[in-house]
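The lines below spell out each chain.
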Amino acid sequence: MADETKSFPLPSSIEVVPGTEAAQAAIPYYAQFKPEDDERFWFYNSMHFPEPMHHFDIITAEACYCALGAFNTRVHVLPTTKGIDHRVINGRVFISGVPVTDPEEIAMRQELFEQRAFYYYENWEPLYDQWKVKMKALIAEAQALPKPELPEWEPIETTHTGKGVAANHTLIETYRKQLTGYYRMWHHHFEFLLLGYGAYLTFFNFCKTAFPEISDQAISRMVAGMEAEIFRPDEEIKRLARRAVELGVDDKFHDGMNIEDVLGALDQLGGEGKEWLAELETSRNPWFNVNVGDGFYHYHRSWNDDLSMPFAALPGYIAKVKAGETIERPLDKLIEERNQLVSDYRELLDSEEDRATYDNLIELAHRVFPYVEGHKFYCEHWYTNLFFNKIREFGALLAEHGFFEREDDVFHLTHYEVEAAIVDLMLSWSSGSAPLGPKHWPAIVQQRRDAIVAWTDATVPPALGVVPDVIDDPAIVMLWGITRENLDRWLNAGDESDSRELKGFAACSGVVEGTARVVKSVAEIGRLQQGDILVCQVTNPTWSPIFQKISAAVSDIGGSMSHMAIVAREYGLPAVVGTGSATQRIKDGQRIRVDGGRGTVTILDEPVLEDA
């Protein structure tokens, strides 16, 4: 039953932060809460949107949910769930699923699903190979889009070749192609993703029925030890560390180094230095086309745009190489453990029929699961970073013509407003008169810049609206860690504030005690010291270079199959995810114990005894 004395606030009760009303009103109408939304349950999607969204960045939620819903509802036709509705208030993205509850509709959708999904499962490898070709072609198209420019005079070739189109038309054409490509990317993103999760969920449900005592972590370990592109960037840093030692230039890399100075010193060194720089270029294209976030914010720049993340990891890896320590992901060990688990549980099945079903399900899960992480490299990282950089070029052009001060100010405009500003500039260039944007946009940009600051400081409820009696969507449980038990814990957060133990999902086994380092944004990653326990809202695969520094990880959000949980298992890092409030209840610098097997985090008394 829903909690009778406590409930999450209704959407209609959430007030816009004072002074940001105009910024809130500028968010598209279809992403604003409506009175009827009070009848639904919403939760804050802090896994993907842990920071308040700039107005342009909201396109990441819009394009994402357009594609997700299309494939769930219309393409693959998932039987029990359709798409996701989203709303944005105070810069925060709240989401609500659209379930299918009518048995007749479920049966109808099940028939359609089998016709569609089974074709993908049967032809997974060739279709996935085709998918990579499509994604690389889409990336090449975006890379080929021209830099937006407005010359004083149209080149003489326009008239001498009969081109018949002036430069200002290229602006709107290029901008619309950028948006079209971005929306298309998200369709490619979801072509396989939910089917990958679906195959695992089917195996998961079989195991839960056949082995009632089995833990979620044991099932997830049966698909560990994967090869996926998203792990390749970290592998490239390790390769560069080994090459630095082999070439004898390892002394150039140390904590606190100035990257430009290091690059200059290696270039001046010649020989071995230039050889290492050549190795760096090999790694950068394409593997450094990953950003430091999860691909949803324009300011989470790629490693290629800012080499701080990979270079910060080099000294640690170099020290381990020189000490003869392994820096490889424990792939062989993961596969050995995986195979042993699969074999051990198979022996517990009573019938040949059950064993045949089990074999088919785990074989399918192993085939499809690498996509669940691998796609992120092409979609959320390579393409998305390219997209934001292309929009940044329009920001530079508009800043050059006085629409605002800096190129990144363009991200304070919605994607509709950016197009309006571009049309304003096109008209001005056409008529020879001054654009109106320089008088219109600066005050609005400042207003929205202030709003981001205010929204960052505002308290965000973890959920809104009617509390469901049961959370029965396995994807919501596994990805976001939203369970009825967790909702009750969130509702009673104040009552548990004196407790020294936090509970979450057991993501990766191991018991570790150490110093908690509370990291609330990507910008704070640099504070991590060797042996710290990372405490964060959520992490993503591109943070893996810092895993060599930390001894364990704890997150507010996430379930047993969230990205953080998957990455922790792949690196053998003890982790607890989905605690709900770790970043609020754990103080930076406190000593804590993480039990990744039980899914608990204990705040230890201070001072800590030597034998603790």
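Basis of the calculations
- Counting starts from 1 at the beginning of each chain's written sequence and moves along it residue by residue.
- For this predicted model, a pLDDT threshold of at least 70 governs which residues receive local features, and a threshold of 80 or more governs which side-chain atom pairs are given and counted, while totals over whole chains, interfaces and linings are taken from all residues.
- Heavy atoms throughout the structure, all of them, feed into the side-chain values; hydrogens and water do not.
- Put simply, DSSP marks the helices as runs of H or I at least four residues long and the strands as runs of E at least two long, and each gets a number from the N terminus on.
- The globule rule used here is 2.2 Å times the number of residues to the 0.38 power, and the radius of gyration it is set against is calculated over C-alpha atoms.
- Only protein chains enter the accessibility calculation, which uses a 1.4 Å probe; a residue whose area is less than 20% of its type maximum is buried, one above 50% is exposed, and one in between is partly exposed.
- The criterion used for residue contact is that any of the two residues' heavy atoms lie within 4.5 Å.
- Note on areas: Shrake-Rupley, 1.4 Å probe, and residue coverage restricted to the protein chains presented here.
- A pocket here means an open set of points on a 1 Å grid, computed over the protein atoms alone, that has protein on both sides within 12 Å along at least five of seven lines. A cavity is instead a set of points where a 1.4 Å probe fits but cannot get out; residues with an atom within 4 Å of a point line either one.
- Grid points are joined across faces, edges and corners, and a volume is the space filled by probe spheres set on the points.
- When residues are grouped by polarity, Ala, Val, Leu, Ile, Met, Phe, Trp, Tyr, Cys and Pro land in nonpolar, Asp, Glu, Lys and Arg in charged, and all others, Gly among them, in polar.
- The pairing criterion for strands is at least two bridges between them, as found by DSSP.
- Every axis corresponds to a line fitted to the C-alpha atoms, with the helix fit spanning only the stretch in contact, and the corresponding angles, defined between N-to-C directions, vary from 0 to 180 degrees.
- Definition of nonpolar core: a set of buried residues of the types Ala, Val, Leu, Ile, Met, Phe, Trp, Tyr and Cys, connected through side-chain atoms within 4.5 Å.
- What sets the label is the angle itself: under 35 degrees gives roughly parallel, over 145 gives roughly antiparallel, 65 to 115 gives roughly perpendicular, and the rest give oblique.

*Asks:* What exactly am I supposed to notice about the overall build of the protein here?
*Replies:* In terms of regular secondary structure, the protein is built from 19 helices and twelve strands. A compact globule built from 612 residues would reach a C-alpha radius of gyration of about 25 Å, and the protein, at 26 Å, matches this within 12%. For the protein, the spread of C-alpha atoms along the principal axes amounts to about 80 × 65 × 55 Å. Out of the 612 residues in the protein, the part that is buried amounts to 56%. The contacts of the protein with a sequence gap of at least 6 include a subset with a gap of at least 24, amounting to 73%. Element-wise, carbon and sulfur atoms account for 52% of the exposed surface of the protein, whose accessible area totals about 26400 Å².

*Asks:* Mind showing me how you'd approach empty space enclosed by the protein here?
*Replies:* Empty space among the atoms can be located by rolling a probe the size of a water molecule over them. Within the structure shown, the criterion is met by two cavities of 30 Å³ or more. Taken as a whole, the largest cavity holds about 170 Å³ of empty space. Along its surface, the largest cavity is lined by 19 residues, and Pro-50, Glu-51, Val-522, Val-538 and Trp-543 are the ones closest to its centre. Residues that form the lining of the largest cavity fall into these classes: nine nonpolar, seven polar and three charged. In terms of lining residues, the second largest cavity is bounded by Ser-220, Val-223, Ala-224, Met-226, Phe-369, Met-561, Ile-566, Arg-569 and Glu-570. Take the lining of the second largest cavity: its biggest share by element is three residues, from helix H18 (residues 563-571). Looking at the lining of the second largest cavity residue by residue, the class counts come to six nonpolar, one polar and two charged.

*Asks:* Please explain the layout of surface pockets as it appears in this structure.
*Replies:* Considering only enclosed or pocket space, the second largest pocket measures out at about 970 Å³ in volume. Lining the second largest pocket are 37 residues, with Val-460, Gln-537, Asp-556, Thr-583 and Gln-584 sitting closest to its centre. Listing elements by their share of the lining of the second largest pocket, those giving two or more residues are strand S1 (41-44), helix H15 (437-457), helix H17 (484-491), strand S5 (501-503) and helix H19 (582-585). In terms of residue count, the dominant contributor to the lining of the second largest pocket is H15 (five residues).

*Asks:* Please clarify how the sheet that holds S5 should be interpreted in this entry.
*Replies:* Overall, mixed pairing links the eight strands, which are arranged S5-S12-S11-S7-S8-S9-S10-S6 in an open sheet. Since the sheet does not close on itself, it has two edges, and those belong to S5 and strand S6 (505-508), each with one partner. For this sheet, the mean angle separating the axes of adjacent strands, direction not counted, is 30°. For strand S7 (residues 511-519) and strand S8 (residues 533-536), the ladder comprises four bridges, and the chain directions are parallel. Along S8, the bridge assignment pairs Arg-517 with Leu-534. This element, H18, spans S6, S8, strand S9 (552-555) and strand S10 (575-577) of the sheet and lies at about 40° to S6.

*Asks:* What is the right way to read the nonpolar core from this model?
*Replies:* A general tendency of soluble globular proteins is for nonpolar side chains to be buried together. By size, the foremost hydrophobic cluster in this structure holds 174 residues, and its most contacted members are Phe-253, Trp-276, Phe-311, Tyr-358, Trp-480 and Ile-482. Discounting residues that sit within four places of it in the chain, Tyr-358 has contacts with Phe-203, Phe-206, Cys-207, Phe-211, Met-222, Leu-341, Val-342, Tyr-345, Arg-346 and Leu-349. Residues Leu-502, Ala-516, Val-518 and Ile-533 belong to the second largest nonpolar core, which totals 15 residues.

*Asks:* Explain the packing of helix H4 (residues 124-144) against helix H13 (residues 352-400) to me, please; I cannot follow it from the model alone.
*Replies:* Helix packing for two helices is described by the angle between their axes and how far apart those axes are. Their axes nearest at 10 Å, the elements H4 and H13 cross at an angle of 10°. If you check the angle between H4 and H13, you find them roughly parallel. Residues Trp-124, Glu-125, Tyr-128, Trp-131, Lys-132, Met-135, Lys-136, Leu-138, Ile-139, Ala-142 and Gln-143 of H4 lie in contact with H13, whose contacting residues are Arg-367, Val-368, Tyr-371, Gly-374, His-375, Tyr-378, Cys-379, Trp-382, Tyr-383, Leu-386 and Lys-390. Across the contact of H4 with H13, the residue classes tally to 14 nonpolar, three polar and five charged.

Any functional reading would require information that these geometric values do not contain.
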